[in-house]
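# Results of the structural survey
Here is what each chain is made of, one letter per residue.
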Amino acid sequence: MKNNASGFISEVAAAIRQYCSGTCTRLQENRLVNLAASIIQNKLWGRLHAAAREQETSIENLAISIIGPLFSSMGGDSQLLKGLRDAIPDSDITLFLRFQSVVIRTASQELFHRWSENDALSARLWRSLHRIVKKDHRIATFPIDNPEWISLASVNNLRKDLPPVNHDEIVKIICGRGQDWRSLSELIVNILADVEKSPDTQNTVRIEMLFSALRETMRESKANEIANEIVSNNNDPILSLASNRAIKQAIQKSQVRLLKYRSQGKLTNDMIEAFRMALTDLIEDSADGGPAQSYFEYLRSHKLELTIEEYRQILKTRFEYMAELIQRDFLDEMKRQFL
């Protein structure tokens, strides 16, 4: 089995290298497209499930439509080429992980772009869910470096030998709590507590699965106005509106600086994108009570292969400078609105 996995990764890595050099065959490119679609169906299942239900299409078809822009080269290089070719690693497994990281990042961006136009509630719910998971000490995540699953922090023994709880079971748990929508954080902790009590399933929940169940239940059991209130950053509508404006302004200024770095050749295209997304996460968390993790962890969440040594030696000074500036810009804009 190990040899088969190694052979598969080597084959994929060879196709990626040929794609980046412009010598990839149509068959190889089709295989990469199908692999990318499979990756996001696995990693982004919950968000794809919610979007597919909304658009009345299959998850498979939606995955292919989302992956399309990644390989499209109209008007220049494809997003995949931009994300990979700056420095092709010698290691097959490192190249495979970078490919997976670019695929997930691009697909997430495309989903958020579609949501911002057609389903803002889903985008806000996803951001709120991730903030709670990172900040609430009652919730444990794993794996630590790229969390996909959550449980109560008090759980000592993970029931990995049992089948995982599925989407319909989570929906049933939520519905069983009636109108218990006082706060999203309390609801998530209560869901995890109910999962822990079930002797027939694992006592962990996949984040994507939880998101899908929450989104479906919010749509079907409560009015969107109430759901919007649940995932709001602040109960004060005036302060929340001001905060959102300040976040937007700070992000725009940060993007201008990143474009300058790109023009000066100080950062690769791939790293520019990782900086942009990490700084966005940072400022949203800062506006919601403060950073939820270290600067390294913010950046690594969008650059999976980044090591702590590489960060300290090459990126630490620049990223922390950008982090300080975006937080300062946010505070300056908040002061401007209220003083």
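This text follows the structure it describes.
Since the model is a prediction, treat every value here as computed from it, not as a measurement.

To continue, consider the sheet that holds strand β1 (residues 139-142). The antiparallel open sheet is built from three strands, whose spatial order is β1-β2-β3. Edge positions in the sheet fall to β1 and β3 (205-206), since each has one partner strand and no second. Looking at chain direction, β1 and strand β2 (residues 149-152) are connected through four bridges and run antiparallel. Of the residues in β2, the one forming a bridge with Ile-139 is Leu-152. Against the sheet, helix α9 (residues 184-197) makes contact with β1, β2 and β3, and its axis sits at roughly 80 degrees relative to β2, the strand it touches most.

For helix α8 (residues 167-176), the complete set of buried residues consists of His-167, Ile-170, Val-171, Ile-173 and Ile-174. The buried residues of α8 occupy an angular sector of 160 degrees when the element is viewed end-on, so they sit on one face. In this structure, α8 carries Asp-168, Lys-172 and Gly-176 as exposed residues pointing more than 90 degrees from its buried face. Backbone nitrogen of Asp-168 and a side-chain oxygen of the N-cap are separated by 3.2 Å at the start of α8; the cap is Asn-166.

Close contact between helix α3 (residues 45-55) and helix α4 (residues 59-71) brings their axes to 9 Å; oriented N to C, the two are set at 105 degrees. Here α3 is positioned roughly perpendicular relative to α4, judged by the angle of their axes. Contact residues: α3 offers Trp-45, Leu-48, His-49, Ala-51, Ala-52 and Gln-55, while α4 offers Ile-59, Leu-62, Ala-63 and Ile-66. In the contact of α3 with α4, the residues fall into eight nonpolar, two polar and no charged.

Here we come to the side chain of Asp-329. With respect to the helices and strands, Asp-329 occurs in helix α15 (residues 308-338). Within the structure, the side chain of Asp-329 is placed 2.7 Å from the side chain of Arg-257, a separation counted as a polar contact. Leave out the neighbours within four places in its chain, and Asp-329 touches Ala-250, Lys-253 and Arg-257.

Let us now look at the pattern of salt bridges. If you walk through the whole model with that rule in mind, you get 11 salt bridges. The shortest N-O distance in the salt bridge between Arg-328 and Asp-329 comes to 3.7 Å. Take Arg-328: its relative accessible area is 44%, and that puts it in the partly exposed class. Residues joined in a network through salt bridges with shared partners are Asp-136, Arg-138 and Glu-186.

The next thing to look at is the packing of aromatic side chains. How two aromatic rings sit relative to each other is given by the distance of their centres and the angle of their planes. Enumeration over the complete set of coordinates arrives at four aromatic pairs. For the pair Tyr-295 and Phe-319, a centre-to-centre distance of 6.0 Å together with 75 degrees between the ring planes defines the contact as edge-to-face. Note that Tyr-295 is positioned in helix α14 (residues 295-300) and Phe-319 in helix α15, a separation of 24 residues in sequence. For Phe-319, a relative accessible area of 0% corresponds to the buried category. Put simply, the rings of Phe-275, Tyr-295 and Phe-319 pair up and form one aromatic cluster. For the cation-ring pair, Arg-318 lies above Tyr-261, with the distance from its terminal atom to the ring centre recorded as 5.2 Å.

What counts, and at which threshold
- Residues numbered from 1 in each chain as written.
- Predicted model: local features only at pLDDT ≥ 70, side-chain atom pairs only at ≥ 80, totals over all residues.
- Heavy atoms only, no water.
- Pairing = 2+ DSSP bridges.
- Helix = DSSP H or I, 4+ residues; strand = E, 2+ residues; numbered from the N terminus.
- Contact = heavy atoms within 4.5 Å.
- Axes fitted to C-alpha atoms, helices over the stretch in contact; angles between N-to-C directions.
- Buried < 20%, exposed > 50% of the residue type's maximum accessible area, 1.4 Å probe, protein only.
- Arc of directions from axis to C-beta.
- Polar contact = N/O pair within 3.5 Å; in protein donor to acceptor, adjacent residues only side chain to side chain.
- Parallel < 35°, antiparallel > 145°, perpendicular 65-115°, else oblique.
- Nonpolar A, V, L, I, M, F, W, Y, C, P; charged D, E, K, R; others polar.
- Salt bridge = Lys/Arg side-chain N within 4 Å of Asp/Glu carboxyl O.
- Phe/Tyr/Trp six-rings, centres within 6.5 Å; stacked < 30°, edge-to-face > 60°.
- Lys NZ or Arg CZ within 6 Å of the ring centre and 35° of its normal.

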